[in-house]
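# A structural walkthrough
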Amino acid sequence: MTLNPDTDFSELATIDWRGAKLNRAQLKAKLPRPEMNSQTAAEVVQQIINDVREHGMETLKDLAKRFDKVELEHTRVPQAELDRALNELDPQVRLALEESIKRARSFAQAQLPQDVSVEYGHGGTVTQRWVPVRRVGLYVPGGLAVYPSSVIMNTIPAQAAGVTSLALASPPQADFGGLPHPTILAAAKLLGITEVHAMGGAQAVAAFAYGVQVPNDQRGDIEPVDVISGPGNVFVATAKRLVKGVVGIDAEAGPTEIAILADETANASFVAADMISQAEHDANAAAVLVTDSPALATAVRAELSTQVAATKHTERVQQALSGRQSAIILVDDLDQGVEVCNAYAAEHLEILTINAAEVAARINAAGAIFVGEFAPVSLGDYCAGSNHVLPTSGTALHASGLNVNTFLKAIQVINYDKSALAEVATHVINLANAEDLPAHGDAVAVRQAH
């Protein structure tokens, strides 16, 4: 696709909310979002889940042949292949991965919550202990790109949490003899993951959730996990939703998105480059600029026309920026801009304004906030130390990015002796009677009688 560098990139929609007095409900209803219809996907995915539960490895083999064009005997990647992938990894890529691992590990270790304990009088104690889940399934997609960074972002918090059993799944690749991409294998090896499976899509999620047993071939066994994390396409996201409850999940990740809150001080070249950086993920990626400066909006359009024409994935970027999910939103001032951004709840939010740190402090809904012109989203994707697995589609209103707590559970421990129970026995009995559950009170009274 060829673009005229003199155009103003008119494919990117403009939403003018200057002078508008929109309440929160109106804002949320009018914000640009991708059009998603997961009903068909749900029907297909449920059948895949059922087939994996019933037929196990045979279904995994059949789907690998149908979707990935590879013949598999089993899904487990031999250790020798992990070793070879790391030995053959480009040294510069290895250095970059090692730096990313180091920074991510430092941040994850700092997130570990502390156990707490409260004493009630003499002989009564309530404690909350944080305990890691036993086993985690990590999913790393294939598709349009290769994501060794997602191996890091999913693995490091689980390891920091103390998870001792980690299994990674990534789609088999016909170009690599039915194995996942070698850079994925190399990243797994760097992180000490020894259990890697060549399986992708909804079937990988189902295998992790329910397990796969292969008689007379323990190499093919896949033990069920407690939590599944990692991004993927609509089929992976739908599968995670359908198995939620059987296992824990990190989130149902939708298409990636970037919002940029910028004023007249922002560099239009930086804004355009950052919008393109997320738009190159896929045609459904969202890029939204919120600004009170019409002059900046015009300058960004000009920069987009030039930069989109020059980028590698021009057609993909063009599709994303011209979709209903991408737009320039004009607002009266930064106050309104903050209100819009808090309603949008972006996966990635950049603040490119005067006093950017102060503006960022007013944001209460975003997966991650990137403050100032030298903190682009791509920094967070790879080497900031933060995690790039973040809530999408407005779910940052209530959800958090992947972190150590995703792989921890809080267990409350109640330890009361007889005298401590006596202090509240009457209250327990009275509340039990008020709820018409007298046997609850009797369970206390019988102890007071002994």
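Basis of the calculations
- Residues numbered from 1 in each chain as written.
- Predicted model: local features only at pLDDT ≥ 70, side-chain atom pairs only at ≥ 80, totals over all residues.
- Heavy atoms only, no water.
- UniProt positions renumbered as here; feature names shortened; annotations may be inferred.
- Pairing = 2+ DSSP bridges.
- Helix = DSSP H or I, 4+ residues; strand = E, 2+ residues; numbered from the N terminus.
- Axes fitted to C-alpha atoms, helices over the stretch in contact; angles between N-to-C directions.
- Contact = heavy atoms within 4.5 Å.
- Polar contact = N/O pair within 3.5 Å; in protein donor to acceptor, adjacent residues only side chain to side chain.
- Buried < 20%, exposed > 50% of the residue type's maximum accessible area, 1.4 Å probe, protein only.
- 1 Å grid on protein atoms, 1.4 Å probe; cavity = no way out; pocket = protein on both sides within 12 Å on 5 of 7 lines; lining within 4 Å.
- Points joined across faces, edges and corners; volume = space filled by probe spheres on them.
- Nonpolar A, V, L, I, M, F, W, Y, C, P; charged D, E, K, R; others polar.
- Patch = residues over 30% accessible without salt bridge, like charges linked within 9 Å, V, L, I, M, F, W, Y side chains within 5 Å.
- Areas by Shrake-Rupley, 256 points an atom, 1.4 Å probe, with all protein chains shown as cover.
- Salt bridge = Lys/Arg side-chain N within 4 Å of Asp/Glu carboxyl O.

In the nomenclature of an unreviewed UniProt entry, the chain corresponds to Histidinol dehydrogenase from the organism Glutamicibacter bergerei. We quote the UniProt Sequence similarities (unreviewed entry) comment for the chain here in full: "Belongs to the histidinol dehydrogenase family." We quote the UniProt Catalytic activity (unreviewed entry) comment for the chain here in full: "L-histidinol + 2 NAD(+) + H2O = L-histidine + 2 NADH + 3 H(+)".

## Some details on the sheet that holds strand 2 (residues 116–119)
Strand order in the open sheet formed by 3 strands is 2-3-14, with antiparallel pairing between adjacent strands. Each of the sheet's edge strands pairs with one partner strand only, and the pair in question is strand 2 and strand 14 (408–416). The sheet shows a mean angle of 15 degrees between the axes of neighbouring strands, taken without regard to direction. Bridge count between strand 3 (residues 124–132) and strand 14: 9 bridges; the pairing is antiparallel. Bridging from a neighbouring strand, P132 pairs with L408 of strand 14.

## Examining the UniProt feature "binding site: Zn(2+)" (unreviewed entry) in the chain
The UniProt feature table records "binding site: Zn(2+)" (unreviewed entry) at Q278, H281, D381 and H440. Spatially, the listed residues are scattered: they cover 163 residues, and their C-alpha atoms lie as much as 56.4 Å apart. The residue Q278 is located in helix 10 (residues 268–279) in this model. If we ignore the near neighbours within four places in the chain, the residues touching Q278 are T256, I258, A285, H348, V377 and D381. At 3.1 Å, the side chain of Q278 forms a polar contact with the side chain of T256. Judged by its relative accessible area of 25%, H281 falls in the partly exposed class. Apart from residues no more than four positions distant in its own chain, H281 is found in contact with L144, Y147, T256 and R316.

## Digging into the UniProt feature "binding site: NAD(+)" (unreviewed entry) in the chain
Under the present numbering, the feature "binding site: NAD(+)" (unreviewed entry) in UniProt falls on Y139, Q203 and N233. The largest pairwise C-alpha distance within this set of annotated residues, which runs over 95 residues, is 12.6 Å, so the set is compact in three dimensions. Topologically, Y139 is positioned in strand 4 (residues 135–139). Given a relative accessible area of 4%, Y139 falls into the buried group. Aside from chain neighbours lying at most four places away, what touches Y139 is N154, A169, P171, M199, G200, G201, A204, S229, G230, P231, G232 and V236. Separated by 2.8 Å, the side chain of Y139 and the backbone nitrogen of G201 make a polar contact. Among the secondary structure elements, N233 is positioned in the loop between strand 7 (227–229) and helix 9 (234–243). A distance of 3.0 Å separates the side chain of N233 from the backbone nitrogen of F235, its partner in a polar contact.

## Examining empty space enclosed by the protein
Taken as a whole, this structure holds 3 cavities of 30 Å³ or more when the rule is applied. Considered class by class, the residues forming the lining of the largest cavity number 7 nonpolar, 3 polar and 2 charged. In this structure, the second largest cavity spans a volume of roughly 60 Å³. As for the second largest cavity, its lining consists of A104, F107, A108, Q111, I156, P157, G385, S386, N387, L402 and N403. For the lining of the second largest cavity, the secondary structure elements donating two or more residues are helix 5 (91–110) and helix 6 (148–161). Per-class residue counts for the lining of the second largest cavity are 6 nonpolar, 5 polar and no charged.

## Quick word on a nonpolar patch on the surface
A surface patch of nonpolar side chains, about 490 Å² in accessible area, is lined by V118, Y120, I414, Y416, V424 and V428. Every element with two or more residues in the nonpolar patch is listed here: strand 14 and helix 16 (418–434). Residue classification places Y416 among the partly exposed positions, given a relative accessible area of 33%.

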